[in-house]
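Each chain is listed here by its residues.
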Amino acid sequence: MSKTPSDALSTTLHNHLEQIIRENQQLAEKLDFDQVAAILPLLQQANRVFVVGAGRTGLALKAAAMRLMHLGLTVFVVGETTTPAIGSGDVLLAGSGSGTTSSIVKAAEKAAAAGARVVAISTTTSSPLAALATHVAVLPAAQKQDHGGEISAQYAGSLFEQSVLLLLDAIFQTLWGLDGTPAEELWKRHANLE
Ligand SMILES: O=C([C@H](O)CO)[C@H](O)[C@H](O)COP(=O)(O)O
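Residues numbered from 1 in each chain as written. Predicted model: local features only at pLDDT ≥ 70, side-chain atom pairs only at ≥ 80, totals over all residues. Heavy atoms only, no water.

- An unreviewed UniProt entry annotates the chain as 6-phospho-3-hexuloisomerase of Hymenobacter defluvii.
- Here is the UniProt Sequence similarities (unreviewed entry) comment for the chain, exactly as written: "Belongs to the SIS family. PHI subfamily." (UniProt positions renumbered as here; feature names shortened; annotations may be inferred.)

Listed below in structure tokens is the structure:
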């Protein structure tokens, strides 16, 4: 039986999904897990955690903010109308693949000036964001303007943005394992107005 156009599309989709999963797997194999693990005590000891990221990176940070809230941490998303002033004892968890996105660098500058710790998740330790950070976790992914395709075949910073979400979910799972609160208890904190 001959292949239909829809068979061809399904095969292409399947191949792309496998490639995306493969790229994330390869990234995980290159990760410095000690460097990432150092984020955990900073989150556990923070008075409050503020998350910031732009565009798709910001969406990954927002998703992580919900999970940290489920764990019982006091978490705010920078830019929301109810987000208060950051200060000493707080942590700004800043995601930026490039480390140069101006709103994120500005937020890090202000957070550091207010005495907060800045924890950066980025692709590099050589950036304005990294220079302001107390701690940087490096995800070896392409930056959004790296269109060469050597690090990732995906468009722009897609691999970075996916890996931020995966890494922050791994951080959540680890913190949850240490905390031990049953899932039913965590679920009581989930939004009941959605
Ligand atoms: O939305 C984004 C874009 O689609 C790149 O793939 C980025 O997440 C956004 O522009 C922020 O960039 P970075 O600060 O470099 O992560």
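Having seen it, we continue.
A closer look at the site of the ligand
Argument step 1. Every residue close to the ligand is listed here: A54, G55, R56, T57, S96, G97, S98, T101, K144, A156, G157 and E161.
Argument step 2. Here G97 contributes a backbone N or O atom positioned 2.8 Å from an oxygen atom of the ligand.
Argument step 3. About the coverage of the ligand: the protein hides 83% of its 410 Å² of free accessible area.
Argument step 4. Each residue belonging to the shell around the ligand can be placed in one class, and the counts come to 2 nonpolar, 7 polar and 3 charged. (Near = heavy atom within 4 Å. Polar contact = N/O pair within 3.5 Å; in protein donor to acceptor, adjacent residues only side chain to side chain. Areas by Shrake-Rupley, 256 points an atom, 1.4 Å probe, with all protein chains shown as cover. Nonpolar A, V, L, I, M, F, W, Y, C, P; charged D, E, K, R; others polar.)

With respect to the environment of R48
Argument step 1. Secondary-structure assignment places R48 in the loop between α3 (39–45) and β1 (49–52).
Argument step 2. In this structure the C-alpha to C-alpha distance between R48 and Q145, which are 97 residues apart in sequence, comes to 33 Å.
Argument step 3. The contacts of R48, once residues within four sequence positions are left out, are T74, F76, P84, A85, I86, G87, G89, D90 and V91.
Argument step 4. At a separation of 2.8 Å, a polar atom in the side chain of R48 contacts the main-chain carbonyl oxygen of A85. (Helix = DSSP H or I, 4+ residues; strand = E, 2+ residues; numbered from the N terminus. Contact = heavy atoms within 4.5 Å.)

Here's the deal with the nonpolar core
Argument step 1. Residues L93 and I171 are the most contacted members of the largest nonpolar core, which totals 34 residues.
Argument step 2. Secondary-structure elements contributing two or more residues to this core are α3, β1, α4 (55–70), β2 (75–77), β3 (91–95), β4 (117–122) and α7 (158–179).
Argument step 3. Element by element, the count of residues in this core is highest for α7, at 8 residues.
Argument step 4. In contact with L93, not counting residues within four places along its chain, are L43, V49, F50, V51, V52, L61, V119, I121 and L168.
Argument step 5. Counting residues in hydrophobic clusters, the runner-up holds 17 residues, among them F50, I104, A120 and V136. (Core = buried A, V, L, I, M, F, W, Y, C linked by side-chain atoms within 4.5 Å. Buried < 20%, exposed > 50% of the residue type's maximum accessible area, 1.4 Å probe, protein only.)

Some words on the sheet that holds β1
Argument step 1. Spatially, β2-β1-β3-β4-β5 is the arrangement adopted by the 5 strands of the open sheet, whose pairing is parallel. The open sheet is flanked by β2 and β5 (135–138), the only strands paired with a single partner. Taken over all neighbouring pairs, the strand axes of this sheet differ in orientation by 20° on average, direction set aside.
Argument step 2. Across 3 bridges, β1 lies against β2 in parallel orientation. Along β2, the bridge assignment pairs F50 with F76.
Argument step 3. Strands in contact with helix α5 (residues 102–113) are β1, β3 and β4; relative to β3, the strand with the most contacts, it is inclined by about 165°. (Pairing = 2+ DSSP bridges. Axes fitted to C-alpha atoms, helices over the stretch in contact; angles between N-to-C directions.)

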